[in-house]
Amino acid sequence: MTEIRNPFADPLRFERRVPECAIVIFGAAGDLAKRKLLPALYRLAYDRRLPASFAIIGNSRTPMTDDDYRERMREAVKQFSEDGAFDEELWKRFAANLHYVAGDVKDAQLYLALKEKVNETQQKNVLFYLSTQPSYYTVIVDGIGHSHLAAAPEGAWRRLIVEKPFGHDLGSAKELNARIHAVFREEDTYRIDHYLGKETVQNILALRFGNGIFEPLWNRRYVNHVQITAAESIGVEGRGGYYQEAGALRDMIQNHLLQVMATVAMEPSAVFEPDAVRDERAKLLRSIKIMRPEEVDSYAVAGQYKGFRQEPGVNPDAQTDTYAAGTFFVDNWRWAGVPFFIRTGKKLPRRVTDIAIQFNQAPLALFAAGDGGQQPRPNLLILRIQPEEGISLLFLSKEPGSGMRLRPVSMDFNYGTSFGERSPSAYETLLVDAMVGDPTLYTRQDMVEASWTVIQPILENWNNRRFDFPNYDPGTWGPGEADAMIAKLGRQWRNS
Amino acid sequence: MASAVTVQPERILKDLQQLWAQMAQAQADSGGVLRACAMTLVVAAEDTADAERVRQTVGVLMHNHPSRAVILRPRGDGGSGAELDARIFAECWKPFGKTQQICSEGIEITAGQSGFSEIAKFLVPLRVPDLPVVLWCRGTHVFTAALEPGSLEPLFPLADKIIFDSSRVPDADSALQFLRRLRGRGGRVADLHWTRLTGWREVLAHLFDDRAMQPNEVKTAQVTFGGPSVSTCARYFAAWIRSALPAARVTLAPGDGAPGLRSMTLLTASDKLTIALGGDHCLEVSGAGRHYRSLLPSVSEEALMHEELGILGPDPVYDRVLTA
């Protein structure tokens, strides 16, 4: 369909209208729907971002009436809305658009019932949201296809949002993509990676390409290395069953952290348009050097915290990585030879996600350092994703007094302070984007396959060996091998 | 927190430094104080009573637009003396769940009529270096008295953006001429009476997002206004439609009701679409297969200023409408 420019658009003052549509959520009684999707949709209604006419149709196996489902979601929205904004009157109006269809996704009758419900709501556009166990994705897509639910009338659309994981390795990702494409076109397929919806991740692009001072330094000549950390202080919190199949490498690095790395390292696109930006991300992912099998032990480290095997639902002999770290190189002119260290883990000392760009030291140490004659610390640019979203620049400054002694100081920018406005949650941003048809922040098939290609050698190595797990204590920064991995290249983790 | 100071700019800045040091000491054991500043916001109040309202409005705005606020307050006795008085203050707030206070600073300068003509010189060193300067000129006097003694005109070159409000100006044409003239000199101007139209404009834009009509099929558009004479907002709205639909014939027509925009009708060869001001601060949309009400957003002064302070760069749509 050719997009006609709206001559009344004024993006500085108001946003594009979210078109009238029905959102069909599979797995509508599950955790994601309760904690994220419904609170995000309610918040959009609160902010007047939803159209006057819309419908949300939930599906799960649990038999429920529309009213039962509304009551459940009411409690969920009250409990999980991030800033506690709950308006009883608004909820009544919002809940009138909530519907529920019980049924097993393997049962063809379910899709006929859903079709009837969509028709009842008189919505022409339909957004399907797969919020179920990944093993049901292809079953549901097939069901949608066979029932012709994916056939849109003239001028309308059908779109599909798929939650991660997109497969469990490269082969299964390709197979999943092929099954989806049998029913939905790639441009109608929205693979959600909520990290890309975070304001602070989007701001990496603003920092890099909206300012003139950073980009000239953003290359191998000035950058010594990059550290990307996504640490959680909690354990698997009841998700042991799922997590022991996934592990940290699949759950975090394959998707979120490689996407963040791509955002940090990608080339600027010529225009800020969905496919132009995604092309550059995909190019970067394809430029990541693939580890040879014999390199995996040097460049990747798996860990498991003490006590994981005692978590409910976890195999007492599980080989799951609750910690994963890797050293990645980008084979292009900008980044050749610059290591990107990525680590993620559970039960680490604190919850933090950040990106630290460490610059090369001054070529000549003119001044004695203030802390006992050690080498001066290098400049660091830290992009803090969570918590306390912001940017810090660490540099050296003269200590007051006689002599020329230098001390590292920090120049901090905090989003919360400079922009008093509430930031929309990642799911609010991404749901609106899918409804208006903007896939910029969604991952494309080639990006998914490129990132699986990057971690495939690590997966194969780890699948074929037996680790001496557990190998780190809760509350520490992971196994000692991770420190050794980075030390081999003459660097060390920022553990502050 | 506020304290009176004498009026040399250097002294004001020094006193601000002292104020920050005192506040930091006072809050040292309870999370500390963070000074936040993203711009210099200069507000020219109409009179003493208005200056009080400004102080409250600025306090609200600072949460989203932390700034050094400089409030220019005409002397209450209407005196024409050249003397200036100044006092400094800080607006502080504590974000929910945080212990650290966030504070922005303010300077209130009181001046007699001839003092105002000197004020531009004072403001130069009081601007926060390298950050944008926004000048908010309140009242209607500014539209007609730009060249009179005590006018604000000398302040205009200091500002990156100047915000006016033409809502109470009786002569819409001269107000628009004044704004065009300033824009023509290269200044960035805004009019809160244009900002008040955002709700109307959003409803109309969304109808075209929904393809209620094809832009190239609209033959005529009629904008109806209330009150004895056409206001700037009606002129703006008509100019906006004209610039978006150059092939359509756009007319302004007087109607019943209070001053301001009352309705808008678009006609194609086969269809009619109307947006009309209804009760309860709602717009009523009818025609082209639609019939619904849409709540207008708040048009409080804080909301309007919040919108304008969010746009410190070029505003191509307003510029196009102003010069149409």
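Here the structure is a predicted model, which means the values were calculated and not measured.

A few words now on the overall build of chain B. Counting its regular elements, chain B contains 10 helices and 15 strands. Its C-alpha atoms give chain B principal-axis dimensions of roughly 70 × 50 × 35 Å. Element-wise, carbon and sulfur atoms account for 51% of the exposed surface of chain B, whose accessible area totals about 14,100 Å². Across chain B, 33 positive and 36 negative side-chain charges occur, with their mean positions spaced 3 Å apart.

Residue and element names in this part refer to chain A. Between helix α1 (residues 31–46) and helix α2 (residues 66–80), whose axes approach to 9 Å, the crossing angle comes to 90 degrees. In terms of axis orientation, α1 runs roughly perpendicular to α2. Of the residues in α2, those touching α1 at Lys 34, Arg 35, Leu 38, Pro 39 and Tyr 42 are Tyr 69, Met 73, Ala 76, Val 77 and Phe 80. Looking at the contact of α1 with α2 residue by residue, the classes come out as eight nonpolar, no polar and two charged.

Turning next to helix α3 (residues 88–95) of chain A. Residue and element names in this part refer to chain A. For α3, the set of buried residues is Leu 90, Trp 91, Phe 94 and Ala 95. End-on, the buried residues of α3 take up no more than an arc of 130 degrees, which puts them together on one face. Turned more than 90 degrees away from the buried face of α3 sit Lys 92 and Arg 93, all of them exposed. In the core, the buried residues of α3 are packed alongside α1, β2 (55–60), α2 and β3 (98–102). Backbone nitrogen of Glu 89 and a side-chain oxygen of the N-cap are separated by 2.9 Å at the start of α3; the cap is Asp 87.

Looking now at the interface of chain B and chain A. Counting residues at the interface gives 37 residues for chain B, matched by 22 residues for chain A. Between chain B and chain A the total buried area reaches about 2,500 Å² when both faces are included, carbon and sulfur atoms providing 53% of it. At the boundary of chain B and chain A, one finds four salt bridges. The salt bridge partner of Arg13(A) is Glu308(B), with a shortest N-O separation of 2.6 Å. Applying the counting rule to chain B against chain A returns eight residue pairs in polar contact (both at pLDDT 80 or more).

Before going further, it helps to spend a moment on the nonpolar core. Note that soluble globular proteins tend to have their nonpolar side chains buried in a common cluster. Counting 148 residues, the largest nonpolar core has Phe26(A), Phe94(A), Phe328(A), Ile355(A) and Met435(A) as the members making the most contacts within it. Considering each element in turn, this core owes the most residues, 12 residues, to helix α9 (residues 240–265) of chain A. Every residue in contact with Phe94(A), bar those within four places of it in the chain, is listed here: Leu38(A), Leu41(A), Tyr42(A), Ala45(A), Leu50(A), Phe54(A) and Ile56(A). Residues Ala44(B), Leu126(B), Val223(B) and Val250(B) belong to the second largest nonpolar core, which totals 86 residues.

Moving on to unusual backbone geometry. All names here are of chain A. The peptide bond linking Gln 386 to Pro 387 adopts the cis configuration, its omega dihedral lying at -15 degrees. Relative to the helices and strands, Pro 387 is located in the loop between β13 (380–386) and β14 (390–398). Here the bond from Phe 469 into Pro 470 is cis, since omega is -5 degrees, no more than 30 degrees from zero. The residue Pro 470 is located in the loop between α14 (445–463) and α15 (480–487) in this model. For Arg 48, which is not glycine, the phi dihedral falls at a positive 60 degrees.

This part takes up the sheet that holds strand β12 (residues 260–267) of chain B. Residues and elements named next belong to chain B. Read across the sheet, six strands follow the order β11-β10-β12-β13-β14-β15 without closing on themselves; strand pairing throughout is mixed. Looking along the sheet, the strands with just one partner apiece sit at the ends: β11 (249–254) and β15 (290–295). Recorded for the sheet is a direction-independent mean angle of 15 degrees between the axes of neighbouring strands. Relative to β15, strand β14 (residues 282–287) runs antiparallel, the two sharing six bridges. When the sheet's bridge partners are listed, Leu 283 is paired in β15 with Ser 294.

All right, on to the sheet that holds strand β5 (residues 158–163) of chain A then. Residues and elements named next belong to chain A. Taking strand neighbours across the sheet as the criterion, the six strands line up as β3-β2-β1-β4-β5-β6 in an open arrangement whose pairing is parallel. Because the sheet does not close on itself, it has two edges, and the strands there are β3 and β6 (189–192). Looking at each pair of strands side by side, their axes are set apart by 20 degrees on average, direction ignored. α1 contacts β1 (22–26), β2, β3, β4 (126–130) and β5 of the sheet and is inclined by roughly 170 degrees relative to β1.

What counts, and where the lines are drawn
- Residues numbered from 1 in each chain as written.
- Chains lettered and ligands numbered in written order.
- Predicted model: local features only at pLDDT ≥ 70, side-chain atom pairs only at ≥ 80, totals over all residues.
- Heavy atoms only, no water.
- Helix = DSSP H or I, 4+ residues; strand = E, 2+ residues; numbered from the N terminus.
- Areas by Shrake-Rupley, 256 points an atom, 1.4 Å probe, with all protein chains shown as cover.
- Lys, Arg positive; Asp, Glu negative; His and termini not counted.
- Charge placed at Lys NZ, Arg CZ, Asp CG, Glu CD.
- Axes fitted to C-alpha atoms, helices over the stretch in contact; angles between N-to-C directions.
- Parallel < 35°, antiparallel > 145°, perpendicular 65-115°, else oblique.
- Contact = heavy atoms within 4.5 Å.
- Nonpolar A, V, L, I, M, F, W, Y, C, P; charged D, E, K, R; others polar.
- Buried < 20%, exposed > 50% of the residue type's maximum accessible area, 1.4 Å probe, protein only.
- Arc of directions from axis to C-beta.
- Polar contact = N/O pair within 3.5 Å; in protein donor to acceptor, adjacent residues only side chain to side chain.
- Buried area = accessible area lost by both parts, 1.4 Å probe.
- Salt bridge = Lys/Arg side-chain N within 4 Å of Asp/Glu carboxyl O.
- Core = buried A, V, L, I, M, F, W, Y, C linked by side-chain atoms within 4.5 Å.
- Pairing = 2+ DSSP bridges.

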